[in-house]
Amino acid sequence: MPANDRLQLARDAYGAYESGDRSVIEALLTEDFTFYSPPDPGIDRADYFERCWPNAERIRSFEFKRMVESGNEVIVTYESTRADGTRFRNTEVLTFAGDKISRTEVYFGWELP
């Protein structure tokens, strides 16, 4: 798959959080999707939607600082604005299986002024 397509799919995944449209992210994740972050090491798709998707209500926007395609991965660094106006920065590694995301690794950054 061309890198531009995976980069756009990654943008679409974050856009689902901005719009609150769960159907978009559901279509982008494989059935065996796995999510990793310090508080959620290796949770499955069902747990991801139960534990992580509710955060969509708290996200206003993402500003991409880095999007790099490497093999079947897209590395994304973003600065996000929450609904309350506070901001934070994270880096994530999205692993693709074809045109769907099969794994996400979140590396927490920091709060922004």
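Residues numbered from 1 in each chain as written. Predicted model: local features only at pLDDT ≥ 70, side-chain atom pairs only at ≥ 80, totals over all residues. Heavy atoms only, no water.

**Concerning the packing of aromatic side chains**
Part 1: One pass over the structure, following the stated rule, counts 9 aromatic pairs.
Part 2: Look at Phe 35 and Tyr 48: their rings are 5.3 Å apart centre to centre, the planes differ by 45°, and that puts the pair in the tilted class. With Phe 35 in strand β1 (residues 29-37) and Tyr 48 in helix α3 (residues 45-51), the pair connects residues that are 13 residues apart, well separated along the chain. For the pair Phe 35 and Tyr 48, a shared accessibility class is recorded, and that class is buried.
Part 3: Geometrically, the ring pair formed by Phe 62 and Tyr 78 is edge-to-face, given 4.9 Å between the ring centres and 90° between the ring planes. Here the residue Phe 62 occupies a position in strand β3 (residues 59-70), and Tyr 78 occupies one in strand β4 (residues 73-82), the gap between them amounting to 16 residues.
Part 4: Judged by its relative accessible area of 13%, Phe 62 falls in the buried class.
Part 5: Accessibility expressed as a relative area gives 3% for Tyr 78, which makes it buried.
Part 6: Cluster of aromatic residues (ring-pair linked, three or more members): Tyr 14, Phe 62, Phe 64, Tyr 78 and Phe 88. (Phe/Tyr/Trp six-rings, centres within 6.5 Å; stacked < 30°, edge-to-face > 60°. Helix = DSSP H or I, 4+ residues; strand = E, 2+ residues; numbered from the N terminus. Buried < 20%, exposed > 50% of the residue type's maximum accessible area, 1.4 Å probe, protein only.)

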